[in-house]
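An overview of the molecular structure
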Amino acid sequence: MDKEFDSNVNALNSLLTIIEQLGHIKDLDALLDRVLLEARQLTNADAGSIFLVDSMHNNLLNFSYIHNDTLFTSPVNKYIYSSQTLPINNKSIAGYVALTGKPVVLNDVYDIPADKPFGFNRAFDIKSGYRTKSVMAVPLKTSRDKIVGVLEIINALSAGKEVVSFTETDELVVNYFANNAAVAIERAMMTRETILRMVKMCELRDPKETGAHVNRVAAYSAEIYQKWALNKGIGSDEIKKTKDLLRIAAMLHDLGKVGISDVILKKPGKLDDQEFAIMKFHCILGARFFENSTSDLDVISAEIALNHHERWDGQGYPGKIDNIYDNEVHLGVGKKEGEIPFSARIVALADVYDALISRRAYKDAFPEEKTLEIIKQESAKHFDPEVVEAFLAIYEVIVAIHAKYQDEPSSSPG
Ligand SMILES: [Fe+2]
Ligand SMILES: [Fe+2]
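Residues numbered from 1 in each chain as written. Chains lettered and ligands numbered in written order. Predicted model: local features only at pLDDT ≥ 70, side-chain atom pairs only at ≥ 80, totals over all residues.

Quick look at the domain arrangement of the protein
Where we set the bar: Domain extents, as shown, originate in an automatic or database domain assignment. Throughout, a residue-residue contact means that the two C-beta atoms, derived from backbone geometry, are no farther apart than 7 Å. Residue polarity follows a fixed list, in which Ala, Val, Leu, Ile, Met, Phe, Trp, Tyr, Cys and Pro are nonpolar, Asp, Glu, Lys and Arg are charged, and the others, Gly among them, are polar.
Assigned domains within the protein: domain 1 (3–188) and domain 2 (206–404). Here the C-alpha centroids of domain 1 and domain 2 sit 34 Å apart. Taken together, the contacts link eleven residues of domain 1 with 18 residues of domain 2. Tallied by class, the residues present in the side of domain 1 that touches domain 2 amount to five nonpolar, two polar and four charged.

A closer look at the nonpolar core
Rule in force here: In these notes, a nonpolar core means any group of buried Ala, Val, Leu, Ile, Met, Phe, Trp, Tyr and Cys residues linked to one another through C-beta atoms within 7 Å. Whether a residue is buried, exposed or partly exposed is read from the other C-beta atoms within 10 Å of its own C-beta, which are placed from the backbone; 20 or more gives buried, 12 or fewer gives exposed, and intermediate counts give partly exposed.
Core analysis: the largest hydrophobic core is formed by 100 residues, its most contacted members being Ile224 and Leu349. Of the domains in this structure, domain 1 (3–188) and domain 2 (206–404) are the two that each give at least three residues to this core. Setting aside chain neighbours within four positions, we find Ile224 in contact with Ile346, Leu349, Ala350, Val387, Ala390, Phe391 and Ile394.

What about the packing of helix H6 (residues 211–231) against helix H15 (residues 395–404)?
So the rule is basically this: Note on method: axes are straight lines fitted to C-alpha atoms, helices fitted across the in-contact stretch only, with angles between N-to-C directions ranging 0 to 180 degrees. Runs of H or I in DSSP of at least four residues are treated as helices and runs of E of at least two as strands, each being numbered from the N terminus. Note on terminology: angles under 35 degrees are roughly parallel, angles over 145 are roughly antiparallel, angles of 65 to 115 are roughly perpendicular, and the others are oblique. Put simply, a crossing is left-handed when the front helix is turned counterclockwise from the back one by less than a right angle, and right-handed when it is turned clockwise.
Two numbers describe how H6 lies on H15: the axes approach to 9 Å, and their chain directions differ by 160 degrees. In terms of their interaxial angle, H6 and H15 are classed as roughly antiparallel. When the axes of H6 and H15 are compared, the crossing they make is right-handed. The residues of H15 that touch H6, namely those facing Arg216, Ala219, Tyr220 and Glu223, are Val397, Ile398, Ile401 and His402. A breakdown of the residues in the contact of H6 with H15 according to their chemical character gives five nonpolar, one polar and two charged.

A look at the pairing of strand S5 (residues 135–141)
Just so we agree on the cut-off: Pairing between strands is defined by DSSP: at least two bridges between the two strands are required.
Buried residues dominate S5, accounting for seven of its seven residues. Sheet topology places strand S4 (residues 104–106) next to S5; three bridges connect them, and they run antiparallel. Bridged to Val104 within S5 is Ala137. Here S5 runs beside strand S6 (residues 147–157); their pairing, made up of seven bridges, is antiparallel.

Examining the pairing of strand S2 (residues 60–68)
Pairing of strand S1 (residues 45–53) with S2, which is carried by seven bridges, proceeds in the antiparallel orientation. Its bridge partner being in S2, Ile50 is matched across the sheet by Tyr65. The antiparallel hairpin formed by S1 and S2 contains six residues in its connecting segment. Here S2 pairs with strand S3 (residues 85–87) via three bridges, running antiparallel. Among the inter-strand pairings, Asn62 is bridged to a residue of S3, identified as Thr85.

Some remarks on helix H7 (residues 236–251)
Stated formally: Multiplying 1.5 Å by the helix residue count minus one yields the expected span of that helix.
In this model, H7 (16 residues) spans 23 Å end to end at C-alpha, consistent with the 22 Å of a helix rising 1.5 Å per residue. Those residues of H7 that fall on the buried side of the exposure criterion are Thr242, Lys243, Asp244, Leu245, Leu246, Arg247, Ile248, Ala249, Ala250 and Met251. Elements in contact with the buried residues of H7: helix H2 (28–43), helix H5 (168–205), H6, helix H11 (296–307) and helix H12 (342–357).

Brief notes about unusual backbone geometry
A cis amide bond links Tyr317 with the next residue in sequence, Pro318, at an omega value of 0 degrees. Tracing the backbone through its elements, the reader meets Pro318 in the loop between H11 and H12. One non-glycine residue with positive phi stands out, namely Asn44, at about 55 degrees. In this structure, Asn44 sits in the loop between H2 and S1. For Asn44, a count of 16 C-beta atoms within 10 Å translates into the label partly exposed.

Points about the packing of H6 against H12
It is at 9 Å that the axes of H6 and H12 come closest, and there the two elements cross at 135 degrees. By the angle between their axes, H6 is oblique relative to H12. Crossing angle aside, the handedness with which H6 passes H12 is right-handed. Packed against H6, whose contacting residues are His213, Arg216, Val217, Tyr220, Ser221, Ile224, Tyr225 and Trp228, the element H12 presents Ile346, Val347, Leu349, Ala350, Asp351, Tyr353 and Asp354 at the interface.

Here it is as structure tokens:
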């Protein structure tokens, strides 16, 4: 058989393997990162973005993920958390693709043929100094023909790193890939929505635990973890896998509060000693949700729920407990330092930071400077110093996350 046939078979096999692997990624952001990476590798493209149709407003696209090998030297960067949106209409490339379900391939976006209804917005290029040239934008369409978003890949590169046009083969392969990716993306969107619904149930009990709060804590935790893990020289496959799980597990940190009395959760003032003692049990109740852990996600979720109020210096709670399923469980001696799972050490900082910097019914937001001062002071006391170091190193990413996930005006009836 000839060589070309062999290489086509190999390419098809690796495409099928990639598609199979997408099915194992649980978190939406981890999945978008992988989809973009694979689409770019299939076409040797320098950059790309993913836009997703907003779940509440289906005439709107959310700018949901970005890669750019020329501009971003680190995988931890604030551009991933852009809060930009785009109306679904003829005016933009992504809007047109989402509206019509038709792919768009352009050799140079600065020279779009006059018969096309859309233009190219140069704002990002002007701000960044990047030159976007060849673009391929394809709809992310599920098997039921539902468009969940748009995959846009930018600047195909030749072997000599010159920007070239996308080929017809690129178009075929990317369209096939995008259809399969769309199914995985729809599933991950549903997972995130289901979790947010559970959080909403929790919010009815405890108004502090909002969807925006858990989205922020989850994203801070995932990014702090990535930086911490890079500093420690952990391999990129392990980082990706753990980041995926951590992001979801961190959203579930306080679900145990559904088992705590309203009288305590909704008390306007400070809790007295007895009330606080009961409150501490939310960690144990939360961990119990993951009894009979059957997956890595269950294990890390239980770890975080149980340990997110432990402190580096051993002064946290609920402490060492022999069996959290005992009928009569008693709080133990606080775990300290390495006794606390790293996942929980990270979520502890993310959760406290968010509580300080956000406005809550009973307090105003602390100013940024004061919040950072507290975090630094608490290094090696409340928090793992390495986690504090990673947090400070990616502070601009933290700020972008805070801006992206804003609390909606309260809709609860009083
Ligand atoms: Fe908590
Ligand atoms: Fe929280």
